[in-house]
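What the coordinates show
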Amino acid sequence: MASSGFSFPKKEKLCSQKVIETLFASGHSFIKYPLRVVFMIQEDQTDTPVKVLVSVSKRRFKRAYKRNLLKRRIREAYRLNKYTLFPLLEKNSVNIAIAFVYLPTEILPFSEIEKTAKATLESLITKLSLE
RNA sequence: AUAGCAAGCUGGUCUAUCGCUGUUAUCUUUUUUGAUGGCAGAGGAAAGUCCGGGCAGCUCAGGACACUGUGCUUCCUAACAGGAAGGUACUCGUGAGGGUAGAGUAGUGUAACAGAAAAUAACCGUCCCGAUUUAUCGGGAUAAGGGUGAAAAGGUGGGGUAAGAGCUCACCGGUAUUCCGGGUAACCGGAGUAGCCGUACACCUUGCAGGCUGCAAGACCAUGUAUAUCACAAUCCCAUUUUAUGGGUAGGGUUGUCCGCUCUGUUUUCUUGUAAAAGUUGUGAGGGGUAGGUCGCUAAAGAUUAUGGGUGACCAUAAUCGAAGAUAAAUGAUAGGCACCGCUGCGUGCGGAACAGGAUCCGGCUUAUAAGCUUGCUAUUUUU
């Protein structure tokens, strides 16, 4: 693990196709505009507490460079704020998978995305601590 | 100077903090892995997927037809529907220049609307003859004139005629063809011959090219679960209420061990056995192969520079360089400078900065694109 705590290595990314299918089929979801969050507690023991997926719809953004830009902004916002989420999970030794889906049809600046990312993670923490 | 035409080029950059992908060195780790440092990390169109090729698989005796594409000439190229140079017709522009078209003709067909008529043309008109209802009617001749149309039967003049007509003659234009000259050729120039003379499209004929599918191609490794196939072992005993129940016993599962719980010990044939066959259970081997992974994968018809050849596309030689390789898919975020553009009070300040993101790789084409630069040329105006 990196020393800074802000790193985002590849094993924290959600890559398995089967896990993604079950996540979208049976995961819990809520909307904190402009983001829709889908999350699921995983049974299998993995080496990281969280696996994350970022998605921007091809139907809403036809040009690839716009999708890339938004995915980078969301990923960056998550990376800079994920330290709020980790202690709870490590304390309870729970693994979760999260998907962030971008909803609007226009490109929002980084400051707004970061603001909603913080709020999203807070509400995620409260939901998880209830369970 | 302004406006424009053609060809070509550029497509911001630096610092700090945090972070991503690949690679390399050192350290660490049982291999995996992890840490730190170094290096590299999107475009002129990466796009559309419209052509062509490399590469891979499938098929594979050879050929013809069909089908599809293409079509002025010569050249370039690995190849092309691409490019270069040249040439013809029509057309737009004052001009620099731009656009469109194209193989062949022996034959066949079609030509909306308008118009009398769209190729054996007679509506009006003109002329002749006949009739008489004499400001009319009938028969015939005529493509000079009218209007329609994308296109109307070569043009002008003389002769000719009842009036007219390439009917005939001269000149001009076109087409076909013969000869001479130029050009590799398309074609051009000159001289002659033929009254031969509308345009477009399609069919048809013909030269050339094309086997099909695409990196999700294709090659390899392979966990778990289930399983084809093969080998070995087991498939027993007693009682009763006999397609069943109970007990013993053997084996398996559960467990660190025991108990307990649970599963299996079935069917058919006869020569009635330590039998055979099928089935079931267990153990081992094992093929194909899902998730996943590795290769394919980036050194290439390569880039830059110089010299030489060519009008040019391009080619040859030499030197130097070695240049992304991801896979729910890396090159980002934040802050601040510099440079650029606009507004401006010319100190500063504020705002802007296009089109757009690799996915097997190359050569083209097409489309999108802020701002800027270079070279050559054109028109107009002014000054010297």
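Residues numbered from 1 in each chain as written. Chains lettered and ligands numbered in written order. Predicted model: local features only at pLDDT ≥ 70, side-chain atom pairs only at ≥ 80, totals over all residues. Heavy atoms only, no water.

Let us look at the side chain of Thr116. Mapped onto the elements, Thr116 comes out in helix 4 (residues 110-130). Here Thr116 is in contact with Tyr33, Pro34 and Leu35, once residues within four sequence places are set aside. (Helix = DSSP H or I, 4+ residues; strand = E, 2+ residues; numbered from the N terminus. Contact = heavy atoms within 4.5 Å.)

This part is about the packing of aromatic side chains. Counted under the stated rule, the structure contains three aromatic pairs. Seen from their ring centres, Phe61 and Tyr102 are 6.0 Å apart, and the 45° between their planes marks the pair as tilted. Of the two residues, Phe61 sits in the loop between strand 3 (50-56) and helix 2 (64-81) while Tyr102 sits in strand 4 (residues 95-102), which places them 41 residues apart along the sequence. Here Phe61 falls in the buried class, since its relative accessible area comes to 4%. Residue classification places Tyr102 among the buried positions, given a relative accessible area of 1%. Note on Tyr78 and Phe100: the rings are 5.9 Å apart at their centroids and 50° apart in plane angle, and the pair reads as tilted. Here Tyr78, found in helix 2, pairs with Phe100, found in strand 4; they are 22 residues apart in sequence, far enough to count as distant. In this structure, Tyr78 and Phe100 share a single accessibility class: buried. (Phe/Tyr/Trp six-rings, centres within 6.5 Å; stacked < 30°, edge-to-face > 60°. Buried < 20%, exposed > 50% of the residue type's maximum accessible area, 1.4 Å probe, protein only.)

Shape descriptors only; they carry no functional weight alone.
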